[in-house]
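Chain and residue survey
What follows is each chain in one-letter form.
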Amino acid sequence: MGITLYSLGATQEVTGSKHIVEVNGRSIMIDCGAFQGKRKEADEKNRNFKFPTQELDAVVLTHAHYDHCGLLPLLVKQGYEGNIYSTPATRDLANLVLMDSARIQARDAEYLRKQAAKKGEKFSWKPIFNEFDCTKAANQIVTVSYNRKMYITPDVQLEFFDAGHILGSSCVLLSVKGLHYGTFSAPSPARGGSGNEVRILYTGDLGRNNKPIVRDPSIDIPAPDYVYLESTYGNRKHENKEYALDELERVVRRAVEKKGKIIIPSFAIERCQELVYYLHLFVDKGRIPKIPIYVDSPMAASATGIFSMHPECYDEETKEAFLKHHKNPFGFGSLSFINSVDESKELNKKEGPMIIISADGMCEAGRVLYHLANGISDPRNTVLIVGYMAEDTLGRKLFEGSKEVKILGDWYKVNAEVESINAFSAHADYEEIVEWLDALDTSRLKQIFLVHGETDSQEYLQNYLAEHGYPQVTVSKYNERYRIE
């Protein structure tokens, strides 16, 4: 038999990554991510996800972002009892992300129950999974370090390579062994046999060179036959890093002059720690004055602790700038972590200047909504967008210049300045994607499948790849099967 590849998410959209490798009627799942975006639509997609777990041999996790790991507890709840493979740092961060999601769902259910009771209505919404399901999923995670080969089925070997995206993120190389003319030979290489090999590389979310904290994406990867390539920024080019840092300095200094607040919507993992890292450097070098900086996200505080526990993932620049000088890159005098709701509310009563970094990154949930509601109509304030905003989200509306937005059920005039610095993105842009591909050994490359991108982004990247020597590119469609040998 041959190999069948297909995807059940992140097809012509940027969330919900789930990719399947089917070998001899058995399946390996790469990522089991949740859909994100508009709440009702995302909830329906996540709630309706089902997979025949009895056919599933293994699950491999590229990294800990919610759109890549968020439905692991649901998969376990539906009966999956096998191994989930990840790097050690990904395990720790995923555990945090999933437990946070379970708690949010529990709180949402209680709130909706009370609202329905007030109206005398029947309450039916329930969490997709709970903390018990998260604990069970965590117990099934088997950690594998970078550049360590492991057979995860008798005929499939796994190896992780650093993706340079977030702490612990990885490109996944699956080597299918013992394939002869479209059929599998016996005995397999796992049992001492021999045979041909098909290599399938999943980039997960591909990072960028010269990002702080994490290492550059690995290029020392055995030549793949097939590549599943992310395309989030397939039609956009990032700003120069030094220009971005100059812009960050300008935004902070301007806010200080106006005595305003800078509200930065940020996901709790990676972007938050990167901003803290840069702000720490700025204060140390005198590029910005010492002003209060608040990270208002319990999850971000916990994630930052996990970052501190995994220096094995740091790049040399971080080690040189901080660790060799016995400093914590994620903690300094101007910085405070906010945990309690009361402390969060107090921030809205304080006068600027100050910086508030708060989740969620797309402004669809979390404490950042309350900071926006309290501050977005004040012309002294600044909303600083530093990451990707999916279609139809509040963050996208702000990014696109909406003059009035709906937050927590009420309409607000957007009088605050809205600034955007896209160089902080942890995703490679289209030029960086091609540079990374060019650095790989592509002598065996037969096909590239584009996933994790909106339609216009993928169309542009498909053409750009063709112009740069990669004509065999397919835009992966939902549940469309691709037979390879």
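The paragraphs below set out a description of the structure included in this document. (Residues numbered from 1 in each chain as written. Predicted model: local features only at pLDDT ≥ 70, side-chain atom pairs only at ≥ 80, totals over all residues. Heavy atoms only, no water.)

**Some details on the sheet that holds strand β4 (residues 56-60)**
Sheet strands associate in pairs through backbone hydrogen bonding, adopting either a parallel or an antiparallel arrangement. Keep this limit in mind: One requirement defines pairing of two strands: DSSP has to find at least two bridges between them. Put simply, DSSP H or I for four residues or longer makes a helix, DSSP E for two residues or longer makes a strand, and each gets a number counted from the N terminus. Axis lines are fitted through C-alpha atoms, for helices just across the contact stretch, and the angle between N-to-C directions can take any value from 0 to 180 degrees.
Spatially, the seven strands line up as an open sheet ordered β6-β5-β4-β3-β2-β1-β23, and their pairing is mixed. Where the open sheet ends on each side, the last strands, each with one partner, are β6 (141-143) and β23 (482-484). Going from strand to strand, the sheet's axes swing by 25 degrees on average, the running direction of each strand aside.

**Considerations on the pattern of salt bridges**
Threshold: A pairing counts as a salt bridge when a side-chain nitrogen of Lys or Arg comes within 4 Å of a carboxyl oxygen of Asp or Glu. The cut-offs for exposure are 20% and 50% of the maximum accessible area for each residue type, with area from a 1.4 Å probe on protein chains only; residues under the lower value are buried, those over the upper are exposed, and the others partly exposed.
Taken as a whole and judged by the stated rule, the model has 29 salt bridges. Here E417 and K258 are joined by a salt bridge, their closest N and O atoms 2.6 Å apart. Note that E417 is positioned in strand β20 (residues 417-420) and K258 in helix α6 (residues 241-258), a separation of 159 residues in sequence. Judged by relative accessible area, which is 24%, E417 ranks as partly exposed. Ionic pairing is found between D296 and R367, a salt bridge with its closest N-O pair at 2.7 Å. On the criterion of sequence distance, the pair formed by D296 in strand β14 (residues 293-296) and R367 in the loop between β16 (354-358) and α11 (368-375) is long-range, its members being 71 residues apart. The residues D296 and R367 share a single accessibility class, namely buried.

**Points about the packing of aromatic side chains**
Applicable threshold: Between rings of Phe, Tyr and Trp, where Trp is taken as its six-membered ring, a pair exists when centres lie within 6.5 Å; planes separated by under 30 degrees are stacked, by over 60 edge-to-face, and by other angles tilted.
For the coordinates displayed, the defined rule picks out eight aromatic pairs. Relative to Y464, the ring of Y460 has its centre 6.4 Å away and its plane inclined at 15 degrees; by these criteria the two rings are stacked. With Y460 and Y464 both in helix α14 (residues 455-467), this residue pair falls four residues apart, about one helical turn. Linked through ring pairs, Y202, Y228, F449 and Y482 together constitute an aromatic cluster.

**Some words on the sheet that holds β14**
In spatial order, the strands read β15-β14-β16-β13-β17-β20; together these six strands make up an open sheet with parallel pairing. The sheet is open, and its two edges are formed by β15 (335-338) and β20, each paired on a single side. Strand-to-strand twist of the sheet, defined as the mean angle between neighbouring strand axes without regard to direction, takes the value 20 degrees. Across five bridges, strand β13 (residues 261-265) lies against β16 in parallel orientation.

**Let's talk about the pairing of strand β17 (residues 382-385)**
Here β17 shows a buried face lined by T382 and L384 and a second buried face lined by V383 and I385. The sheet contact formed by β17 and β20 spans four bridges and is parallel. Paired with I385 across the two strands is S420, which belongs to β20.

**As for a negative patch on the surface**
Note the threshold: Like charges are joined within 9 Å and nonpolar side chains (Val, Leu, Ile, Met, Phe, Trp, Tyr) within 5 Å, but only among residues with over 30% relative accessible area and no salt bridge; these make up the patches. Surface accessibility in these figures is a Shrake-Rupley result with a 1.4 Å probe; residues are shielded only by whichever protein chains are displayed. Counted as positive: Lys and Arg. Counted as negative: Asp and Glu, with His and the chain ends omitted from the count. The location of each charge is read from NZ of Lys, CZ of Arg, CG of Asp or CD of Glu.
There is a patch of like negative charges on the surface, built from E391, D392, D456 and E459. With respect to the secondary-structure elements, E391 resides in the loop between β17 and α12 (394-399). The exposure class of E391 is partly exposed, given its relative accessible area of 47%.

**Notes on the side chain of D315**
Note the cut-off: Only heavy atoms matter for contacts: two residues are in contact if any of them lie within 4.5 Å across the pair.
Within the secondary structure, D315 sits in the loop between α8 (298-309) and α9 (316-321). D315 has contacts with K211, P212, I213, V214 and R215, leaving out every residue within four places of it along the chain.

**Observations regarding the nonpolar core**
Selection rule: What we call a nonpolar core is a set of buried Ala, Val, Leu, Ile, Met, Phe, Trp, Tyr and Cys residues that are connected through their side-chain atoms within 4.5 Å.
Judged by nonpolar contacts, the single largest core of 100 residues is most densely connected at L174, I200 and I357. If one sorts the elements of this core by residue count, helix α7 (residues 271-285) sits on top with nine residues.

**Considering the side chain of H427**
What counts, and what does not: N or O atoms within 3.5 Å of each other form a polar contact, as long as, within protein, one can give a hydrogen and the other can take it, and as long as residues adjacent in sequence are counted only when both atoms are side-chain atoms.
Within the fold, H427 resides in the loop between β20 and α13 (430-439). Here T232 takes part through its side chain, which lies 3.4 Å from a polar atom of the side chain of H427. Once residues within four sequence positions are removed from consideration, H427 is found in contact with H165, D205, L206, R208, E230, T232, Y233, H238, E432 and H452.

**A word on unusual backbone geometry**
Note that the residue after G352, namely P353, is joined by a cis bond; omega there is 5 degrees. As for its position among the elements, P353 is in the loop between α10 (341-347) and β16. In this model, A359 is joined to D360 through a cis peptide bond whose omega is 15 degrees. Examined against the element boundaries, D360 turns out to sit in the loop between β16 and α11. Backbone geometry places Q12, a non-glycine residue, at a positive phi of 55 degrees. Tracing the chain through its elements places Q12 in the loop between β1 (3-9) and β2 (18-23).

**Section: the state of the cysteines**
Threshold: Here, a disulfide means two cysteine sulfur atoms that sit within 2.5 Å of each other.
Summed over the entire model, instances satisfying the criterion amount to zero disulfides. With no disulfide of its own, C69 lies 9.2 Å from the sulfur of C32, the closest cysteine sulfur. The closest cysteine sulfur to the non-disulfide-bonded C313 is located on C171, 14 Å from its own sulfur.

In short, the description is geometric, and any link to function would need to be established separately.
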